[in-house]
Amino acid sequence: MAQKIIIDTDPGQDDAVAILLALASPELQVLGVTAVAGNVPLSLTALNARKVVELAGRADVPVFAGCDAPMVRLLVTAEHVHGKTGLDGIDLPEPALPLQDRHAVDFIIDTLRREPAGTVTLVPIGPLTNIATAFQRAPDVVARVQRIVLMGGAYFEVGNITPAAEFNIYVDPEAAAIVFGAGVPLVVMPLDVTHAALTSRPWVEGMRALPNRCGPAVAGWTDFFERYDREKYGSEGAPLHDPCTIAWLLRPDLFSGREINVEIETQGEFTLGMTVADWWRVSGRAPNALFMRDVDAAGFFDLLRDRIARLP
């Protein structure tokens, strides 16, 4: 039976690739895609989510708009990485796929209450505002979540939006603190993993050569956001952060990590949004997350290519 998931996202080119990977994989049943403000404002993330779902030919997957700002802070966005639309790199048409009337938080709550307890995995690949808001509004749903597989945080790679913080956690650290403290089984894909999964020119050109529309779309998005990472890190390619979450659901053997305690810094003057990851287990605090450290990059990119080749 396919694993039921909800993808909570702020597309973003790498978010888009994660959505395509999930929609291409019969092992996963995507119950819905929920948009949150993050890489770009909510009006664009909700639009982009609809465009990507439609690109994949999956009009059966509903898209919902959620929270338009962090829980207590002003929104920080990342147009400097993803472009003014969030999906710069290719032009996609206005989607015919409608935006659902229900708020994303209500959809998350209603779905967790409707489905049998322990059967739905949440996959947040943007700021954690929608998830934390759902947990605050309906505490009864927390125990019904099978697990959360999220992209966010860092330890060895420190920060990418500040010297200490990764973007998704930094945008809404209060939400992250709620999620990390909720007691739900957590699988965390930090920068430590995603920076080890860099695109290569042969892989990008292989995607461009696929005889479908989704492969060339991935190549176009990659062409755009590679330029930022090459300039920032001096790398040959760019990390595909968010698809690591979906890849773990499909092929957990591609990843390795350890169960550790992770706390979220919400007060620090210089460390706001830091994931204080007790990798060396020196704090005595109980583990609350499976924090990934390594990835088989070749296997990861083979999986991406093979699955996206199945799409229209």
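Refer to the structure presented above.
Conventions and cut-offs
Residues numbered from 1 in each chain as written. Predicted model: local features only at pLDDT ≥ 70, side-chain atom pairs only at ≥ 80, totals over all residues. Heavy atoms only, no water. Helix = DSSP H or I, 4+ residues; strand = E, 2+ residues; numbered from the N terminus. Rg over C-alpha atoms; globule rule 2.2 N^0.38 Å. Contact = heavy atoms within 4.5 Å. Areas by Shrake-Rupley, 256 points an atom, 1.4 Å probe, with all protein chains shown as cover. Lys, Arg positive; Asp, Glu negative; His and termini not counted. Charge placed at Lys NZ, Arg CZ, Asp CG, Glu CD. Buried < 20%, exposed > 50% of the residue type's maximum accessible area, 1.4 Å probe, protein only. Pairing = 2+ DSSP bridges. Right-handed = clockwise from strand over helix to strand, strands pointing away. Disulfide = S-S within 2.5 Å. Salt bridge = Lys/Arg side-chain N within 4 Å of Asp/Glu carboxyl O. Polar contact = N/O pair within 3.5 Å; in protein donor to acceptor, adjacent residues only side chain to side chain. Axes fitted to C-alpha atoms, helices over the stretch in contact; angles between N-to-C directions.

Draft legend 1. Representation of the overall build of the chain in the model. Assigned secondary structure in the chain consists of 12 helices and 10 strands. Taken over C-alpha atoms, the radius of gyration comes to 18 Å for the chain, in line with the 20 Å a tight globule of 312 residues would show. Expressed as lengths along the three principal axes of its C-alpha atoms, the size of the chain is roughly 50 × 45 × 40 Å. Nonlocal contacts in the chain, meaning residues at least 24 apart in sequence, comprise 81% of its contacts between residues at least 6 apart. Only carbon and sulfur atoms are counted for the fraction: they give 53% of the accessible area of the chain, which is about 11800 Å². Within the chain, the 39 negative side-chain charges are centred at a point lying 5 Å from the centre of the 26 positive side-chain charges.

Draft legend 2. Fine view of the environment of Arg 305. Within the secondary structure, Arg 305 is located in helix α12 (residues 297–308). On the basis of relative accessible area, Arg 305 is assigned to the partly exposed category, the value being 32%. For the pair Arg 305 and Met 207, spaced 98 residues apart in sequence, the C-alpha to C-alpha distance is 6.8 Å. Those residues in contact with Arg 305, other than ones at most four positions away along the chain, are Trp 203, Met 207 and Leu 210.

Draft legend 3. Layout of the pairing of strand β5 (residues 145–151). Burial analysis of β5 places 5 of its 7 residues in the buried class, the great majority of the element. Note: strand β4 (residues 120–124) against β5, 3 bridges, orientation parallel. Among the inter-strand pairings, Val 120 is bridged to a residue of β5, identified as Val 145. Following the chain from β4 across helix α5 (residues 129–137) to the adjacent parallel β5, one finds a crossover that is right-handed.

Draft legend 4. Molecular detail of α5. Of all the 9 residues making up α5, 7 are buried; the element is thus mostly covered by neighbouring parts of the structure. For α5, every residue scored as buried is listed here: Thr 129, Asn 130, Ile 131, Ala 132, Thr 133, Ala 134 and Phe 135. Tucked inside the fold, the buried residues of α5 contact β1 (3–9), β2 (28–35), α4 (104–114), β4, β5 and α7 (173–180).

Draft legend 5. Focus on the state of the cysteines. Counting across every chain of the model gives 0 disulfides. Cys 244 takes part in no disulfide bond, and the closest cysteine sulfur, belonging to Cys 214, lies 19 Å away.

Draft legend 6. Quick peek at the pattern of salt bridges. What the rule picks out here adds up to 16 salt bridges. With a shortest N-O distance of 2.7 Å, Arg 307 and Glu 27 are connected by a salt bridge. Taken together, the residues span a long stretch of sequence, with Arg 307 in helix α12 and Glu 27 in the loop between α1 (13–23) and β2 at a distance of 280 residues. On the accessibility criterion, Glu 27 (33% relative accessible area) is partly exposed.

Draft legend 7. Looking closely at the side chain of Asn 212. By secondary structure assignment, the location of Asn 212 is in the loop between α9 (201–208) and α10 (214–233). A polar contact is formed between the side chain of Asn 212 and the backbone oxygen of Leu 311, at a distance of 3.0 Å. Non-local contacts of Asn 212, meaning those with residues more than four positions away in its chain, are made with Ile 308, Ala 309, Leu 311 and Pro 312.

Draft legend 8. Expanded view of the sheet that holds strand β10 (residues 289–295). If you walk across this open sheet you meet the 8 strands as β3-β2-β1-β4-β5-β6-β10-β7, and the pairing is mixed. Two strands close off the open sheet at either side, each with one partner strand: β3 (63–65) and β7 (255–260). Taken pair by pair, the neighbouring strands of this sheet meet at an average axis angle of 25 degrees, ignoring direction. One ladder, built from 4 bridges, connects β5 with strand β6 (residues 186–189); its direction is parallel. Counterpart to Ile 148 in the pairing with β6 is Leu 186. Along the sheet, α4 makes contact with β1, β2, β3, β4 and β5, crossing β2 at roughly 150 degrees.

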